[in-house]
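# Observations on the model geometry
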Amino acid sequence: MKQAGSILIVDDNPDVLIAARLLLKQHYQVVKTTDNPFDIEAIINAQHEADQAIDVVLLDMNFTQDSISGKEGFYWLKKIMSQDANIAVLLMTAYSDIQLAVEAIKAGASDFIAKPWQNEQLLGAVAAAFSHAKDKQQVGKLTKQKQALQQSIGNQPFEFLGQSDAMQQVFSVIDKAANTDANILISGESGTGKELTAHAIHNASQRQSQPFISLDMGSLAESLFESELFGHKKGAFTGAKEDRIGRFELAHGGSLFLDELGNLPLNQQVKLLAALQNRQITPVGGSKVIDIDIRLICATNENLEQAVTEGKFRQDLLYRVNTVEIRLPALRERSEDIPLLCNYYLQHFAHKYKRELSIAASDMTRLSQYHWPGNVRELAHAIERAVILSEGTELDISSVISSPSTAVSTNELSSNATDYDTFDLEIIEQRTVRAALKHFQGNVSHAAKALGLTRGAMYRRLEKYGL
Ligand SMILES: Nc1ncnc2c1ncn2[C@@H]1O[C@H](COP(=O)(O)OP(=O)(O)OP(=O)(O)O)[C@@H](O)[C@H]1O
């Protein structure tokens with residue numbers, strides 16, 4: 001049976017091309033030949049586009065008649081390696097020369113073979129070159145996977161805390177569901193800990209030593225969804241300068257976390273559903289189908305059932321992703337957790353900014369009564385800001401609760417954001433952002449849309465104002 005794989009033979013002698021082709025065609029699926037090394041680049045590109053990327057090039061060392069220096073071979077070897085580092089190049093020459101062989105291998109060739117060859121000898125060298133090419137491809141893939149993993153490690157989550165009954169219930173569902181491969185849908189307002197929950201599920205699952213790959217659908221331009229999810233081939237669209245591995249493939253063996261699932265456009269929902277049903281994907285512009293083994297975790301701060309009713313979200317996709325549902329309570333619904341969280345973040349930021357600080361009992365009561373519209377994210381930012389601004393050994397919570405720019409009383413929330421008692425644009429902007437968040441019950445995407453901001457721009461403002 002023929003082996004999968006593509007080989008290109010480059011030699012200016014037509015007899016050599018015919019002999020090598022006849023032999024290798026019996027063993028490999030794709031065998032291309034050329035007597036002109038200037039065609040190499042175009043053939044490699046065409047094979048790539050046809051999803052039959054060249055794995056091995058069998059390359060003559062000397063193209064000009066009577067040339068024996070091997071210089072041309074080295075020139076084309078370097079060109080091939082810079083065009084596609086995954087290709088293994090097997091050099092051949094009629095003038096067997098150990099010194100040349102050593103130099104060729106030092107320059108990056110996979111091996112060296114002397115002409116005329118014995119068939120068995122050539123087959124052995126080509127098989128070794130194929131295995132070298134597979135190793136190179138694997139290393140390339142692992143390097144990309146490592147980069148993606150390092151990004152997730154960079155966002156190392158905080159501890160996941162909660163003593164309230166509501167959070168204990170959440171932890172219990174995580175315990176039960178983590179070890180199954182069930183798809184999980186996490187819902188809750190912005191800042192309630194949906195991403196932290198996704199990490200907790202992955203870490204408690206049997207996939208914990210495999211990648212955890214996330215994709216925030218809220219911050220993606222519509223044209224990028226498909227390529228981010230499934231990857232693309234070089235040249236698939238303008239700007240696709242090289243192959244890109246999609247998140248599905250990066251997460252293979254591990255967990256894929258799709259944040260803000262409600263933002264996925266309807267035409268992309270069909271593709272996601274097909275990928276989940278078939279457990280296979282095809283990169284944009286490619287034709288090769290790739291098997292995928294992932295555990296899917298999705299999050300949303302939208303009501304997806306309502307989105308189904310409004311025709312914005314596919315019912316069949318919702319059924320696919322919500323085998324288990326976890327609803328995270330807003331912080332104001334579990335105010336008994338507030339002291340625990342305040343102390344945890346106080347300790348964290350006091351250590352970070354090398355401060356010794358505590359929270360007075362009366363201030364803790366005020367913090368517990370505050371309604372925290374931005375949930376735990378707001379609490380963490382508020383504590384960090386207070387740690388920086390406090391002067392004594394007691395945490396000064398005036399920057400959290402009573403400064404005019406950050407304090408939010410129920411009155412203020414119900415007041416019109418554009419009732420000007422100040423013309424300070426920053427304060428007006430901050431109030432407007434708050435009012436929009438309140439209006440959309442903490443739904444960042446909706447608030448951003450209403451304000452005419454991208455989700456990224458909205459998050460920058462939330463950070464800036466510690467919301
Ligand atoms: N239970 C918790 N214990 C400790 N920290 C928490 C908890 N919940 C959330 N946080 C912290 O709050 C911040 C926001 O959490 P996370 O990103 O998980 O929220 P989210 O619900 O995914 O938000 P969004 O919908 O805006 O993406 C993070 O810094 C996280 O560490």
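Below: a short report on this structure. (Residues numbered from 1 in each chain as written. Predicted model: local features only at pLDDT ≥ 70, side-chain atom pairs only at ≥ 80, totals over all residues. Heavy atoms only, no water.)

## Observations regarding the overall build of the protein chain
Definition in use: Secondary structure elements follow DSSP: runs of H or I no shorter than four residues count as helices, runs of E no shorter than two count as strands, and numbering proceeds from the N terminus. Relative accessibility under 20% of the residue-type maximum defines a buried residue, over 50% an exposed one, and the middle range a partly exposed one, all with a 1.4 Å probe and only protein chains included. Only the protein chains shown count as covering a residue, and every accessible area follows the Shrake-Rupley method with a 1.4 Å probe.
Counting secondary structure elements, the protein chain contains 19 helices and 14 strands. Classification of the 467 residues of the protein chain by burial places 49% in the buried group. As displayed, the protein chain offers around 23200 Å² of accessible surface, 50% of which is attributable to carbon and sulfur atoms.

## Topic: the packing of helix α13 (residues 338–352) against helix α14 (residues 361–369)
For any two helices packed against each other, the geometry is given by the interaxial angle and the distance between the axes. As a reminder, the rule being used: Comment: axis = line fitted to C-alpha atoms, over the contacting stretch for helices; angle = value between 0 and 180 degrees taken between N-to-C directions. Any angle from 65 to 115 degrees is called roughly perpendicular, while one under 35 is roughly parallel, one over 145 is roughly antiparallel, and all others are oblique. We call a crossing left-handed when the near helix sits turned anticlockwise from the far one by less than a right angle, and right-handed when that turn is clockwise. When checking whether two residues touch, look at their non-hydrogen atoms; a contact exists if any pair is within 4.5 Å. For this classification, the nonpolar set comprises Ala, Val, Leu, Ile, Met, Phe, Trp, Tyr, Cys and Pro, the charged set comprises Asp, Glu, Lys and Arg, and every other residue, Gly included, is treated as polar.
It is at 9 Å that the axes of α13 and α14 come closest, and there the two elements cross at 115°. With respect to α14, the element α13 is oriented roughly perpendicular. Of the two elements, α13 crosses α14, and the hand of that crossing is right-handed. Contacts between α13 and α14 involve Ile-338, Pro-339, Cys-342 and Asn-343 from the former and Met-364, Leu-367 and Ser-368 from the latter. Residues belonging to the contact of α13 with α14 are distributed by class as follows: 5 nonpolar, 2 polar and no charged.

## Things to note about the packing of helix α17 (residues 425–439) against helix α19 (residues 455–464)
One can describe the packing of α17 onto α19 by two numbers: an axis separation of 11 Å at closest approach and a directional angle of 115°. In terms of axis orientation, α17 runs roughly perpendicular to α19. For α17 against α19, the interelement crossing comes out left-handed. Residues Glu-426, Glu-429, Val-433 and Leu-437 of α17 touch α19, and the partners they reach there are Met-458, Arg-461, Leu-462 and Lys-464. Here the residues of the contact of α17 with α19 are counted per class, giving 4 nonpolar, no polar and 4 charged.

## Things to note about the sheet that holds strand β4 (residues 88–93)
Just so we agree on the cut-off: Two strands are counted as paired when DSSP detects at least two bridges linking them.
Spatial ordering of the open sheet is given by β2-β1-β3-β4-β5, a layout of 5 strands whose pairing is parallel. If you trace the sheet from one side to the other, it starts and ends with β2 (28–34) and β5 (111–114), each paired once. Taking each pair of neighbouring strands and ignoring which way they run, the sheet shows an average axis angle of 20°. With 5 bridges connecting them, strand β3 (residues 56–60) and β4 associate as parallel partners. Across the sheet, Asp-60 pairs through a bridge with Met-92, a residue of β4. Sheet strands touched by helix α1 (residues 14–25): β1 (3–10), β2, β3 and β4. Its angle to β2, the strand with the most contacts, is close to 175°.

Honestly, that's just the spatial picture; any functional story needs more than this.
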